[in-house]
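Results of the structural survey
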Amino acid sequence: MKQQTMQTTPKKKRLSRAASSIEPSGIRRFFDLAATMKDCISLGVGEPDFVTPWNVREASMASLEQGYTSYTSNAGMIELRTAIGEYMLDRFGVDYDPEEEMIVTVGASEAIDLAIRATIDPGDEVLVATPAFVSYEPLVTMSGAVPIPVPTDASTDFKLTKERLEAAITDRSRAVILSFPNNPTGAVMNDVELQAIAEVAEAYDLLVFSDEIYAELSYDTQHTAFSALERMRDRTVLISGFSKAFAMTGWRLGFVCAPTDITQAMLKIHQYSLMCAPTPAQHGALEALRNGREIVEKMTNSYRARRNYIVHALNEAGLSCRFPGGSFYAFPSVEATGMDDETFAEQLLIEEKVAVVPGTVFGKGGEGHVRCSYATSMDALQTATARIEAFVQRHAQ
Ligand SMILES: Cc1ncc(COP(=O)(O)O)c(C=O)c1O
């Protein structure tokens, strides 16, 4: 028989100030709404539509068969860190010591959190180039620091400029978070453009958290790692991971490279909160690095073709859309409909069953745009863009 218990109203507060200070992710709300609809095409998801390459899955299964089920070193398997080091050097020309300057993390998400928690104090200001990945500002807020958005916009192709960054700096500025290729705009910054940001970082003694998880998904130019720029290695925390390029979102595997003092501070937090990244996933990632390059190239070529298609189709449909150089998002303006981005996304979902994400979810500078992920099948993209065209025609002003 169920025991009857007296319910008492708790008198002490139950929620931390940190948790109370942030809102749930706006992306979730759209996902949840779309999930309830039949025949809905989602351009909302920020993950590859490919299944993780077979050899990677096989390597992970083999590791389980062989009984690798224990913790690894806190910083991650040394074989994996060594492979990451070789990959970073070979692919992006940056050299990190796997013993001292690298941690394998639970996704790039954990690396971002660690970077902030290991270096930023309450009251500090952290500049965030926006629109940006939804985690940055809440993570800064939860650390007691103050996120300061530095908006980019269509007038600069959603690239951060030296002038904008400089204008946002105060005595309390400690760090800047960059992410190019960008989520949600698809913007990339080349070495000359990044060099201008590097000069500001040096002049104002800022740390740079450079989230380069989309580095492989640069379609027209070679990616520049921020720490490869002159004199930037010592002030850069380079964040990356396997989710996007290697189609491994569910594996929860990322990594961070930074000077020893910063990685060792990050490692202390990591070892108390996570212990280590999942062991089978680390074995898979090792295989991805050793034998995954060709597949990454194939997937990247496929995204490039889909980008070319969707950008053209969105412009044809009447939504002005720049040609994004990287990641797998198009970020068209919805101005032609006279709607704000939230209304556009909601009405498009209701009327045409196409899910896109309103730009305001990604912070300042995202207003008036929507994020369309093209990491979905060509068939779905064709149907979705036809539906968008019908919607825009009905609502064009
Ligand atoms: C810019 C950016 N950084 C980090 C992440 C999270 O990556 P992970 O799956 O490795 O935690 C995402 C995911 O969408 C992202 O867009």
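Not measured: the values here are computed from a predicted model.

1. Focus on the overall build of the chain
- Of regular secondary structure, the chain possesses 13 helices and twelve strands.
- Here the C-alpha radius of gyration of the chain, 22 Å, is about what a compact globule of 397 residues would show, namely 21 Å.
- Of all 397 residues assigned to the chain, the portion counted as buried reaches 53%.
- Counted over contacts in the chain with a minimum sequence separation of 6, partners at least 24 positions apart contribute 76%.
- Accessible surface, the chain as shown: approximately 17900 Å² in total, 51% of it carbon and sulfur.

2. Comments concerning the sheet that holds strand 5 (residues 173–178)
- Reading across from one edge, 2-8-7-6-5-3-4 is the order of the seven strands in this open sheet, with mixed pairing throughout. Of all strands in the sheet, those bounded by a partner on one side alone are strand 2 (102–105) and strand 4 (146–151). With strand direction ignored, the average angle separating the axes of adjacent strands in the sheet is 20°.
- Sheet analysis places strand 2 next to strand 8 (residues 254–257), joined by four bridges and oriented antiparallel.

3. Quick look at the side chain of threonine 130
- Checked against the element boundaries, threonine 130 lands in strand 3 (residues 125–130).
- In this structure the side chain of threonine 130 is engaged in a polar contact, spanning 2.6 Å, whose partner is the backbone oxygen of lysine 364.
- Once residues within four sequence positions are removed from consideration, threonine 130 is found in contact with Glu137, Pro149, Val150, Pro151, Thr152, Phe362, Gly363 and Lys364.

4. A few points about the sheet that holds strand 11 (residues 357–358)
- Taken in spatial order, the three strands line up as 9-12-11 in an open sheet, and their pairing is antiparallel. Edge positions in the open sheet fall to strand 9 (329–330) and strand 11, since each of these has one partner strand only.
- Where strand 9 and strand 12 (residues 370–373) come together, two bridges link them in antiparallel fashion. Note on strand 12: the bridge partner recorded for tyrosine 329 is serine 373.

5. Quick notes on helix 5 (residues 107–119)
- Over its 13 residues, helix 5 extends 19 Å from the first C-alpha to the last, a length consistent with the 18 Å expected when each residue adds 1.5 Å.
- For helix 5, the complete set of buried residues consists of Gly107, Ala108, Glu110, Ala111, Ile112, Leu114, Ala115, Ile116 and Thr119.

6. A word on the domain arrangement of the chain
- In terms of domains, the chain is made up of domain 1 (17–51 + 294–395) and domain 2 (54–291).
- Taking only C-alpha atoms into account, the centre of domain 1 sits 24 Å from that of domain 2.
- Taken together, the contact between domain 1 and domain 2 spans 35 residues of the former and 34 residues of the latter.
- Taken together, the links from domain 1 to domain 2 amount to two salt bridges.
- The closest approach of N and O atoms between aspartate 220 and arginine 307, which form a salt bridge, is 2.9 Å.
- For the pair domain 1 and domain 2, the interface holds 15 residue pairs in polar contact (both at pLDDT 80 or more).
- Looking at the side of domain 1 that touches domain 2 element by element, the count peaks at seven residues for helix 11 (residues 293–317).

Thresholds, definitions, all that
- Residues numbered from 1 in each chain as written.
- Predicted model: local features only at pLDDT ≥ 70, side-chain atom pairs only at ≥ 80, totals over all residues.
- Heavy atoms only, no water.
- Helix = DSSP H or I, 4+ residues; strand = E, 2+ residues; numbered from the N terminus.
- Rg over C-alpha atoms; globule rule 2.2 N^0.38 Å.
- Buried < 20%, exposed > 50% of the residue type's maximum accessible area, 1.4 Å probe, protein only.
- Contact = heavy atoms within 4.5 Å.
- Areas by Shrake-Rupley, 256 points an atom, 1.4 Å probe, with all protein chains shown as cover.
- Pairing = 2+ DSSP bridges.
- Axes fitted to C-alpha atoms, helices over the stretch in contact; angles between N-to-C directions.
- Polar contact = N/O pair within 3.5 Å; in protein donor to acceptor, adjacent residues only side chain to side chain.
- Expected span 1.5 Å × (residues − 1).
- Domains from an automatic or database assignment.
- Salt bridge = Lys/Arg side-chain N within 4 Å of Asp/Glu carboxyl O.

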